Amino acid sequence: MIAPTLSPASTGGPILRCSNVRKSFGANEVLRGISFEIPAGSVLTIIGASGSGKSTLLRCLNHLEQPTSGEVYLDGEPMGVRIKPNGTRVPDKAANIARKRAQIGMVFQQFNLWPHMTALQNVTEALIQVKGLDRAKAADLGRNTLAKVNLLEKADDYPARLSGGQQQRVAIARALAMAPKVMLFDEATSSLDPELTGEVLEVMRQLAQEGMTMVVVTHEMGFAREVSDRVIFLHEGQIDQDGTPEEVFVKPTSERCRRFLSSALS
Amino acid sequence: MSETLRQSLDLSLFWEYRYTVLAGLAQNIYVFLASAALALTLALFVGLSRVSRHRALRILSTGYAELFRNTPEFVLLIWVYYVLPILISKLLAAKFSLSPFLAAVLALGVAYSGFLSETVRAGIQSIPRGHVEAGLSLGMSRFTILRRIVIPQAIRRMLPEALSQFVSLFKATSIVSLVAVPDIMYQVSMINVDQMRPLPLYTGAALLFCLVIIAATQSINILSDRWRKRGWA
């Protein structure tokens, strides 16, 4: 049983809100005005061709990339900017951005485990350094979280001794242990062999069933269709199709989305 | 010719003076340890500055590294021992001098911090960006990421290169007798003044240096092999 910490329902609003987010790298505009909301406990999947801006969008959500314009709100609070009493917006302090990031879990395509730490140390590091837990408490919580992704027996192994699927499950446990309000998955299975994707998708499926709010960038169309509450198809940095899995996968209105799906599913 | 060879290989005289020579070796080790610590500390700051987001810091640190990497240790030692005190005396308007030991540590420490800062820079830049982003995404500060994620990994990656720098540094301690630090070379020269038998004395000194370096290198190789087996070096 994976027990995610959900956003306080008291706010009633969406956990994450993206408002007209644009992002340029030099002259190249990668995101061209993206807006959406994610209610608590729902799963949003972002699909699209390579280079359509999916990963950049995900990275803007936790401010690993700073949007060129537009805003992201976490539980009603703007990410990366501070609103002064007179209404002007100024860049937020690094400590405030970090505090908000700690509430957003992120799982990367390349796992990004720290190779000099064991699986357990990877999970407990932020609990100790960011949340200020003492080592014993962090280790308890770390072991519980590793047990939830079925990796308790690998707690003392270094990442180099784990398979790709196991490494990615440790990375999920590392993000999950922080009890985030929302989890971001950036092509979490794309660098895994087909036989290893299943174990990672299973953990993600379980999380979704238990009510974790999730934003998932994936090429696994079957998984997207099965697990998502809402699917967004990105094309050249814009939302080209947006709807329930049924609307997007079965009767897409966008010709581009139809073509993408037929090539992705074939 | 064969007599010369026999003399140079007859180390009984060297053995006779073993305690004096060992006292000299202790001096080499002290100078080495102190200058290695100084070099490593400076190199860490300079290496980090070289990958800093601030341009001024990058320029300054690159200038520092280039200056000291390209100045021979011998010249630097003479400059620190003879010129630096004069400059400081003029600046302070008071008499200032450096002990031979301090001058040697300062000169070698600064010289090798130039080399080591390059190793530190390369080590830090070899850490994948994703490791830093994983830390950021968990809410860690940049300083915590540096301290807990980047530096521990960078040190392990730097180890083979740093090891060869430290071997060079230990060899370089053989020049400190120039400013009268009583090291091996100094002691051997003193014995030679007395005995006038340079061949076995200097051959013995060379062998002793060799022995110490081989022993140290082998121990560190064993250590880094152990790290490699654990998968994190």
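Please refer to the structure placed before this passage.
Quantities reported herein were computed from a predicted structural model and do not represent experimental measurements.

Rules behind the numbers
Residues numbered from 1 in each chain as written. Chains lettered and ligands numbered in written order. Predicted model: local features only at pLDDT ≥ 70, side-chain atom pairs only at ≥ 80, totals over all residues. Heavy atoms only, no water. Helix = DSSP H or I, 4+ residues; strand = E, 2+ residues; numbered from the N terminus. Rg over C-alpha atoms; globule rule 2.2 N^0.38 Å. Buried < 20%, exposed > 50% of the residue type's maximum accessible area, 1.4 Å probe, protein only. Salt bridge = Lys/Arg side-chain N within 4 Å of Asp/Glu carboxyl O. 1 Å grid on protein atoms, 1.4 Å probe; cavity = no way out; pocket = protein on both sides within 12 Å on 5 of 7 lines; lining within 4 Å. Points joined across faces, edges and corners; volume = space filled by probe spheres on them. Nonpolar A, V, L, I, M, F, W, Y, C, P; charged D, E, K, R; others polar. Core = buried A, V, L, I, M, F, W, Y, C linked by side-chain atoms within 4.5 Å. Contact = heavy atoms within 4.5 Å. Pairing = 2+ DSSP bridges.

**Q** Is there a simple way to explain the overall build of chain A in this structure?
**A** Scanning chain A from N- to C-terminus turns up 9 helices and 12 strands. On C-alpha atoms alone, chain A measures out to a radius of gyration of 18 Å, which is about the 18 Å that the 2.2 N^0.38 rule sets for 266 residues. Once the C-alpha set of chain A is aligned to its principal axes, its extents read approximately 55 × 50 × 40 Å. In chain A, which comprises 266 residues, the share counted as buried stands at 54%.

**Q** Explain the pattern of salt bridges here, please?
**A** Between side chains of opposite charge, a pair can form when the charged atoms approach closely. Residue and element names in this part refer to chain A. Under the counting rule described, the total for this entry stands at 22 salt bridges over all chains. Residue E29 pairs with R22 through a salt bridge whose shortest N-O separation is 2.9 Å. Salt-bridge contacts for D75 lead to K181; the nearest nitrogen and oxygen are separated by 2.9 Å. Remark: K181 occurs in the loop between α5 (164-176) and β9 (182-186) and D75 occurs in the loop between β4 (69-74) and β5 (77-78); sequence separation between them is 106 residues. K181 shares its class with D75; the two are buried. Within the structure, one salt-bridge network assembled from shared partners comprises E77, R82, D92, R99 and K100.

**Q** Would you take a moment to explain the layout of surface pockets for this structure?
**A** Gaps between atoms show up when a probe of the same size as a water molecule is rolled over them. Residue and element names in this part refer to chain B. Considered as a void within the structure, the largest pocket measures approximately 590 Å³ in volume. For the largest pocket, the lining is made up of 17 residues, of which V51, R53, I124, R142 and L146 are closest to its centre. Contributing elements (two or more residues each) for the lining of the largest pocket: α3 (18-50), α6 (100-125), α7 (129-137) and α8 (142-172). Here the element with the most residues in the lining of the largest pocket is α8; it accounts for 5 residues. Looking at the lining of the largest pocket residue by residue, the class counts come to 10 nonpolar, 4 polar and 3 charged.

**Q** Help me understand the nonpolar core, please; the structure alone is not making it clear to me.
**A** One recurring pattern in soluble globular proteins is that nonpolar side chains are buried together. All names here are of chain A. One finds L146, M183, F185, M204, M214 and V215 to be the most contacted residues of the largest nonpolar core, which totals 125 residues. The contacts of M214, once residues within four sequence positions are left out, are S42, V43, L44, V182, M183, F185, M204, L207 and A208. Judged by nonpolar contacts, the second largest core, of 10 residues, contains A224, F249, C257 and F260.

**Q** Explain the pairing of β4 of chain A here, please?
**A** Each regular strand shows side chains that alternate between the opposite faces of the sheet. Residue and element names in this part refer to chain A. In this structure, strand β1 (residues 16-25) lies alongside β4, joined through 5 bridges in antiparallel fashion. Its bridge partner lying in β4, S19 is registered against E71. Pairing geometry for β4 and β5, over 2 bridges, is antiparallel. Directly across from L74, in β5, lies its bridge partner E77. Between the antiparallel neighbours β4 and β5 lie 2 residues, among them D75 with a positive phi of about 55°.

**Q** What should I look at first to understand the sheet that holds β1 of chain A in this one?
**A** Residue and element names in this part refer to chain A. Spatially, 4 strands are ordered β2-β1-β4-β5 in an open sheet, and the strand pairing comes out antiparallel. Taken across any chain shown, the strands that pair with only one partner, and hence form the sheet edges, are β2 (28-38) and β5. Where β1 lies against β2, 8 bridges are found, and the strand directions are antiparallel. Its bridge partner lying in β2, S24 is registered against E29.

**Q** Explain the pairing of β9 of chain A here, please?
**A** Residues and elements named next belong to chain A. A large share of β9 lies buried, amounting to 5 of its 5 residues. Here β9 shows a buried face lined by V182, L184 and D186 and a second buried face lined by M183 and F185. Sheet topology places strand β8 (residues 104-107) next to β9; 4 bridges connect them, and they run parallel. By the bridge assignment, I104 is partnered in β9 with V182.

**Q** In this structure, what is going on with helix α1 (residues 54-61) of chain A? I would like to understand it.
**A** Turn by turn, an α-helix covers 3.6 residues, leaving residues three or four places apart pointing in a common direction. Residues and elements named next belong to chain A. Most of α1 sits out of view: 7 of its 8 residues are buried. Every buried residue of α1 is listed here: K54, T56, L57, L58, R59, C60 and L61. Residue H63 follows α1 closely and has a positive phi angle near 65°.

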